[in-house]
Amino acid sequence: MSKEKYFAFAGEPAGKGGVFSKGGLPETVTTVSGDLFKGCIFAQASCITETCRNKGLVKHDSDELLMFIGSDPVEPENLGAELEIRLENDVLKLNETCFVFVPKGAAHGDFEVKSLKKPVYCFTFLMSSDQKDDIPAEAQAAAGTYAGNVVKKYAPVSGKMPKAPEGFLTLLLWIDGKKLAGAPYTEAVWFNRINDEGPPEHEHEFDEFIGFFGSDMSRPGELCGEIEFFIDGKFVSFTKSCLIYIPRGVRHSPIIVPKLERPILHFSGGNGGDYIRSGDKT
C-alpha cells in the first residue's frame, strides 16, 4: 500500500474491476478502491495490449465512466484500435479517444477488442461506489437510447479552454452534465514539456480523482518524468504512474512538472456534474 495518503501508485493494484467482468485486460496499472480509501470513487487504470473478447452484460448501482485513450501523443485522437461495447441495445463502435458514459443500472458489456495497432489506455470510474461489483443484467432499453453516450474531443459547451504555457498541453477530452445530461465532470490532456506553473491551490464540493500516466507503453508504470503535486499542505514528488483520490474539501494544486522525457497523460474528474472550484490561492 502506498506510503502517501490519497495516492495509488503503479504496482499497487487493489480491489477488482476493469471493463471485463472476468479476465481480458492483460495489465492493470493501478486501482483506487474501498480497500485503500473507504467511500472513495472507484478508479482503475488498465492497458489493453492484445485483442480479446468478453461476452455478457452487467450493471452497477452507480454511474460509470469509461475512458479510452490512444497511447500515441503524436496522434492523440487516434485510438490505434477498433473496440466495441454494448450499452443496452446499442453497439458502440470506438476507434477514437473517447468517453463512454454508462448510467446507473444500464446493462453493458459484450466488450471486444477487434483490432489493435497500438496499446490503449482504459480507465474505469464508478462515481458513487468504492468497489466494482458486476451484477448480471439484460438489455431493456429501446435501440437508440444510448447511441449518443460516446463523447469525443475537448469541447466544453462553455467554450472555455484551460490557461497554460504555449506548447505545454495537448487537449484530449472533456465531459460534464452540460455536454451529456447526467454525466460527471472529467477532462484529459497530455503534458508535453516541463512546467513550473499550475492551477492555484483550491478545493471542491465534490470528490475528485486525478491521474498521471506515462506514455511508454512497454513500461506503463513509469512516468518517464517527474510530477510535484501539492495536496493537504505539502508537495508530493513522484516518478510512477498513479491515481489520486481527493475527498471533497481537501485543498490541492498546483501541479509542477520539473522533469519530462516524453509526454505524460493527465486527467481529473469527479462526482459533480460541473467543474466548480473554490478558495483559490493565487
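These lines cover the structure that appears in this document, whether it is placed above or below.

Section: the overall build of the chain
Phase 1 of the analysis: If you tally the helices and strands in the chain, you get zero helices and 22 strands.
Phase 2 of the analysis: The C-alpha radius of gyration of the chain comes to 18 Å, within 12% of the 19 Å expected for a compact globule of 282 residues.
Phase 3 of the analysis: Once the C-alpha set of the chain is aligned to its principal axes, its extents read approximately 50 × 40 × 35 Å.
Phase 4 of the analysis: When each of the 282 residues of the chain is scored for burial, the buried share is 55%.
Phase 5 of the analysis: Within the chain, contacts between residues separated by at least 24 positions form 74% of all contacts whose residues are at least 6 apart in sequence.

Some words on the state of the cysteines
Phase 1 of the analysis: Taken as a whole and judged by the stated rule, the model has zero disulfides.
Phase 2 of the analysis: Of all cysteine sulfurs, the one in Cys242 lies closest to Cys40, which takes part in no disulfide; the gap is 15 Å.
Phase 3 of the analysis: Relative accessible area serves as the criterion here: at 3%, Cys40 is assigned to the buried category.
Phase 4 of the analysis: Take Cys242: it sits in no disulfide, and the sulfur closest to it among the cysteines is that of Cys224, at 14 Å.
Phase 5 of the analysis: With relative accessibility at 0%, the residue Cys242 sits in the buried group.

A look at the pattern of salt bridges
Phase 1 of the analysis: Here the structure, examined in full by the defined rule, presents 17 salt bridges.
Phase 2 of the analysis: Among the charged side chains, a salt-bridge network with shared partners connects Arg53, Glu84, Lys93, Glu112 and Lys114.

Brief notes about the side chain of His252
Phase 1 of the analysis: Within the secondary structure, His252 is located in strand S20 (residues 252-260).
Phase 2 of the analysis: Among the residues examined, His252 registers a relative accessible area of 1% and is labelled buried.
Phase 3 of the analysis: Looking at His252, its side chain comes within polar contact range of the side chain of His204, at 3.4 Å.

What about the packing of aromatic side chains?
Phase 1 of the analysis: Taken as a whole and assessed by the stated rule, the structure comprises 23 aromatic pairs.
Phase 2 of the analysis: Aromatic side chains Phe191 and Phe212 sit 6.3 Å apart centroid to centroid with 50° between the ring planes, which places their arrangement in the tilted category. A residue pair is termed long-range when its members are at least 10 positions apart, and Phe191 in strand S14 (residues 186-191) and Phe212 in strand S16 (residues 208-214) qualify at 21 residues. Of the two residues, Phe191 and Phe212, both sit in the buried class.

Thoughts on the sheet that holds strand S21 (residues 264-270)
Strand-to-strand pairing in sheets goes through backbone hydrogen bonds, with the strands running parallel or antiparallel.
Phase 1 of the analysis: The sheet built from six strands is open, its strands ordered S1-S19-S16-S21-S14-S13 with antiparallel pairing. The outermost strands of the open sheet, each flanked by one partner alone, are strand S1 (7-9) and strand S13 (169-175). Strand-to-strand, the axes of this sheet are offset by a mean angle of 15°, without reference to chain direction.
Phase 2 of the analysis: In terms of strand pairing, S16 meets S21 through seven bridges, oriented antiparallel. Among the inter-strand pairings, Gly211 is bridged to a residue of S21, identified as Phe267.

Side note on the pairing of strand S9 (residues 108-116)
Phase 1 of the analysis: The pairing of strand S4 (residues 52-59) with S9 spans five bridges and is classified as antiparallel. Across the sheet, residue Val58 finds its bridge partner in S9, namely His108.
Phase 2 of the analysis: Sheet topology places strand S6 (residues 78-87) next to S9; six bridges connect them, and they run antiparallel. Residue pairing in the sheet places Glu82 in a bridge with Ser115 of S9.

Section: unusual backbone geometry
Phase 1 of the analysis: With an omega of 10°, the peptide bond between Ser253 and Pro254 qualifies as cis.
Phase 2 of the analysis: As for its placement among the helices and strands, Pro254 is situated in strand S20.
Phase 3 of the analysis: Here the phi dihedral of Glu88 falls at roughly 55°; this positive angle occurs in a residue that is not glycine.
Phase 4 of the analysis: Within the secondary structure layout, Glu88 lies in the loop between S6 and strand S7 (90-96).
Phase 5 of the analysis: Classification of Glu88 by relative accessible area gives buried; the value is 6%.

Cut-offs used in this document
Residues numbered from 1 in each chain as written. Predicted model: local features only at pLDDT ≥ 70, side-chain atom pairs only at ≥ 80, totals over all residues. Heavy atoms only, no water. Helix = DSSP H or I, 4+ residues; strand = E, 2+ residues; numbered from the N terminus. Rg over C-alpha atoms; globule rule 2.2 N^0.38 Å. Buried < 20%, exposed > 50% of the residue type's maximum accessible area, 1.4 Å probe, protein only. Contact = heavy atoms within 4.5 Å. Disulfide = S-S within 2.5 Å. Salt bridge = Lys/Arg side-chain N within 4 Å of Asp/Glu carboxyl O. Polar contact = N/O pair within 3.5 Å; in protein donor to acceptor, adjacent residues only side chain to side chain. Phe/Tyr/Trp six-rings, centres within 6.5 Å; stacked < 30°, edge-to-face > 60°. Pairing = 2+ DSSP bridges. Axes fitted to C-alpha atoms, helices over the stretch in contact; angles between N-to-C directions.

It is worth stressing that arrangement in space is one thing and function is another; only the former is reported here.
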